[in-house]
Amino acid sequence: QVQLAQSGGGLVQPGGSLRLSCAASGFTFSSYAMRWYRQAPGKEREVVATITSAGGSTNYADSVKGRFTISRDNAKNTLYLQMNSLKPEDTAVYYCNTYVLNRHFWGQGTQVTVSS
């Protein structure tokens, strides 16, 4: 079955950096687009970044453009999110996501807290 196992995250000071990883299994990773979402307390889950199956095209929410980079290693079945110049408003639970066979699949979520 489709599984997405996240790692990374934690507490960082404003201006700092973190990298999230998402190890995929149970499907042909290289055939599917992948996304990172986040959900802050009291807010709806929002898409942060999207990458196509081969990694040739990416899209970002306006709030993270120029600071976050989504990437993937199809040989390792792993998705990444490099987050630089972090701000307190980036504090949220981050989720990796894919849409396979008409279903959404989610990682377990990773807390990112940006605070001094």
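See the structure printed just above.
Here we summarise the structure given alongside this text.

Here the focus is the sheet that holds strand E1 (residues 3-8). Read across the open sheet, the four strands follow the order E1-E3-E8-E7; overall the sheet is antiparallel. Sheet topology places E1 and strand E7 (68-73) at the edges, where each strand pairs with a single neighbour. Each strand of the sheet is rotated relative to its neighbour by a mean of 15°, with strand direction disregarded. Relative to strand E8 (residues 78-83), strand E3 (residues 18-25) runs antiparallel, the two sharing six bridges. What sits directly across from Ser21, in E8, is Tyr80.

Moving on, we come to the state of the cysteines. All told, the structure shown has one disulfide when counted by the stated rule. One disulfide bridge connects Cys22 with Cys96, the sulfur atoms lying 2.1 Å from each other. One disulfide, between Cys22 and Cys96, carries an S-S torsion of 65° and so falls in the right-handed class. Of this pair, Cys22 sits in strand E3 while Cys96 sits in strand E9 (residues 92-100); the two residues are 74 residues apart in sequence, bridging distant segments of the chain. Cys96 shares its class with Cys22; the two are buried.

Moving on: the environment of Thr98. Of note, Thr98 is situated in strand E9. Linking Thr98 and Trp36, residues 62 residues apart in sequence, is a C-alpha distance of 8.9 Å.

Further remarks concern the packing of aromatic side chains. Evaluation of the coordinates by the stated rule reveals four aromatic pairs. Taking the centre distance of 6.2 Å and the plane angle of 85° together, the rings of Tyr95 and Trp106 count as edge-to-face. Taken as a pair, Tyr95 in strand E9 and Trp106 in strand E10 (residues 103-106) lie far apart in primary sequence, eleven residues in all. Assessed through its relative accessible area of 33%, Trp106 is described here as partly exposed. In this structure an aromatic cluster arises from ring pairing among Phe27, Phe29 and Tyr32. Across from the ring centre of Trp106, 4.5 Å away, lies the NZ or CZ of Arg45, which sits over that ring. A cation sits over an aromatic face here: Arg72 above Phe29, 4.3 Å from the ring centre.

Thresholds, definitions, all that
- Residues numbered from 1 in each chain as written.
- Predicted model: local features only at pLDDT ≥ 70, side-chain atom pairs only at ≥ 80, totals over all residues.
- Heavy atoms only, no water.
- Pairing = 2+ DSSP bridges.
- Helix = DSSP H or I, 4+ residues; strand = E, 2+ residues; numbered from the N terminus.
- Axes fitted to C-alpha atoms, helices over the stretch in contact; angles between N-to-C directions.
- Disulfide = S-S within 2.5 Å.
- Buried < 20%, exposed > 50% of the residue type's maximum accessible area, 1.4 Å probe, protein only.
- Phe/Tyr/Trp six-rings, centres within 6.5 Å; stacked < 30°, edge-to-face > 60°.
- Lys NZ or Arg CZ within 6 Å of the ring centre and 35° of its normal.

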